[in-house]
Amino acid sequence: MEALIAAMGEARVKPGGINKTGYLIKLGSVRQNWLRRYFILENGTLSYHSDKNVLDCKGKYILSNCVLGVDETVNSRININVKGLAGRKFCMKAENEQEAQDWKEAIGSWMDDQEEQ
């Protein structure tokens, strides 16, 4: 994990970004199963943890080096796709469209001005 973070570079904090916390369902990178995780978006870094009360960092993305991916809907949940360097994809689901929109706005507020891919 540290190699991934190092490869993504230093965060370039943008003024006026939106911080947010809450639960999303994340697609696992190894087993490809969906797991409920607690996400913290703070100062341009999106990290996820097992639970709100167990802040064991399972992974993180520095958003200034990422772009929002194309929207997809799967199983009545709204996907949020973040693409990092080398095409690595970070897929999450929100419980409803409003929650997904709130997360997309918050995530996008920390990204460099790049078009969706």
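See the structure shown above.
Residues numbered from 1 in each chain as written. Predicted model: local features only at pLDDT ≥ 70, side-chain atom pairs only at ≥ 80, totals over all residues. Heavy atoms only, no water.

A. Spotlight on the pattern of salt bridges. Taken as a whole, this structure holds 2 salt bridges when the rule is applied. Across the pair Glu99 and Lys20 runs a salt bridge, and its minimum N-O distance is 3.6 Å. Here Glu99 is found in helix α2 (residues 97-108), whereas its partner Lys20 is found in strand β1 (residues 20-27), with 79 residues between them in sequence. Judged by relative accessible area, which is 23%, Glu99 ranks as partly exposed. A relative accessible area of 17% means that Lys20 is categorised as buried. Note that Asp56 and Lys58 form a salt bridge whose closest N and O atoms lie 3.6 Å from each other. (Salt bridge = Lys/Arg side-chain N within 4 Å of Asp/Glu carboxyl O. Helix = DSSP H or I, 4+ residues; strand = E, 2+ residues; numbered from the N terminus. Buried < 20%, exposed > 50% of the residue type's maximum accessible area, 1.4 Å probe, protein only.)

B. View of the environment of Leu55. Positionally, Leu55 belongs in strand β4 (residues 54-62). What makes Leu55 exposed here is its relative accessible area of 54%.

C. Spatial organisation of the environment of Lys20. Remark: the alpha-carbon pair of Lys20 and Asp102, spanning 82 residues in sequence, is separated by 8.9 Å. Discounting chain neighbours no more than four positions away, the residues touching Lys20 are Phe39, Ile40, Leu41, Glu99, Asp102, Trp103 and Ala106. (Contact = heavy atoms within 4.5 Å.)

D. Structural detail: the pairing of strand β3 (residues 45-51). β3 sits mainly inside the fold: 5 of its 7 residues count as buried. Taking the residues that link successive antiparallel strands as the turn, the strand β2 (residues 34-42)-β3 hairpin has 2 residues, and the phi of Asn43 there is positive, at about 50°. Looking at chain direction, β3 and β4 are connected through 6 bridges and run antiparallel. If you follow Leu46 over to β4, its bridge partner there is Tyr61. (Pairing = 2+ DSSP bridges.)

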